[in-house]
Amino acid sequence: MFIGHYAVGLAAKQFAPRSSLGALIAAPILLDLLWPIFLLLGWEQVSIVPNSNPFLRLQFDSYPISHGLIAVIGWATLYASVYFGVTRYLSGAIVIWVGVVSHWLMDFIVHQPDLQLYAQSRFFGLGLWRHRWLTMGLELGLFAVSIWVYQRRTKAKDAIGRFAFVGFVGFLLLAYAGAAFAPPPSSVKKLAMVALLTCLMVPWAWWLDKHRELI
Ligand SMILES: [Zn+2]
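Residues numbered from 1 in each chain as written. Predicted model: local features only at pLDDT ≥ 70, side-chain atom pairs only at ≥ 80, totals over all residues. Heavy atoms only, no water.

Some thoughts on the coordination of the zinc ion
At this site the zinc ion is bound by Asp32 (OD), His67 (NE2), His103 (NE2) and Asp107 (OD), with donor distances of 2.1 to 2.5 Å. Coordination at the zinc ion is irregular, judged from the four donor atoms that bind it and the angles of 80 to 174° they form at the metal. Look at where the donors of the zinc ion fall in the sequence and you get D-x34-H-x35-H-x3-D. Here histidine 103 pairs with aspartate 107, and both are found in helix H5 (residues 90-110), just four residues apart, close to one helical turn. The pair histidine 103 / aspartate 107 is uniform in exposure class, with both members buried. (Donors = N, O, S within 2.8 Å, 3.2 Å for Na, K, Ca; no water. Tetrahedral: all angles 85-135°; square planar, octahedral: opposite > 155°, others 65-115°. Helix = DSSP H or I, 4+ residues; strand = E, 2+ residues; numbered from the N terminus. Buried < 20%, exposed > 50% of the residue type's maximum accessible area, 1.4 Å probe, protein only.)

Okay, structure coming up:
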């Protein structure tokens with residue numbers, strides 16, 4: 001899942017309005033920011049395989065440190081604890097914990113059975129990715145609802161608050177179209193670099209959110 005994770009971050013503003021959108025977006029995409037690091041370190045493995053369905057071109061051979069549910073709960077607890085330590089904002093910390101764990105649950109819907117609880121456990125995944133248009137419908141639907149929620153909760157203080165938000169949404173839609181229609185990167189290393197670059201969405205979200213205020 002891709003923009004579905006961002007949808008969780010945007011909608012989270014409803015439940016933790018005082019948290020920056022940057023912190024809220026970082027939660028549901030955290031696992032996909034750790035994953036490329038572990039790929040580059042050689043601790044986790046993925047293969048790029050030919051398939052007419054672009055959603056099935058990555059074969060997740062092993063990723064229990066970034067995407068095993070037990071580890072995910074650990075990452076969620078670590079991030080939520082650090083966040084609470086810095087901000088003392090309990091609602092924000094809870095929403096962040098749920099946001100990190102939501103990643104596993106949403107991946108569970110779309111992934112083939114390749115998600116684990118821990119390194120030796122059996123594999124889970126409902127495989128919605130096999131149905132390309134249904135997957136896109138679900139993700140775009142969630143994304144649309146989340147934009148509506150975030151817009152309802154905040155309003156632009158200035159032009160940056162308006163256009164940086166529109167740009168954020170537009171960029172994600174373009175990136176999603178790329179993931180859904182373009183060929184995959186030619187090597188795992190390139191794939192990991194592209195995945196790592198998505199961390200830039202966090203400061204972008206923080207920046208646009210700073211130029212918006214709560215309604
Ligand atoms: Zn993931």
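Considerations on the nonpolar core
Formed by 63 residues in total, the largest nonpolar core has its most connected members in Tyr6, Tyr79 and Phe143. Elements with a contribution of two residues or more to this core: helix H1 (3-11), helix H2 (21-41), helix H4 (69-87), H5, helix H6 (132-153), helix H7 (159-181), helix H8 (188-197) and helix H9 (201-210). It is H2 that provides the largest number of residues to this core, a total of 14 residues. Apart from the residues within four sequence positions on either side, tyrosine 6 is in contact with Ile25, Ile29, Phe143, Phe168, Leu172, Thr198 and Met201. (Core = buried A, V, L, I, M, F, W, Y, C linked by side-chain atoms within 4.5 Å. Contact = heavy atoms within 4.5 Å.)

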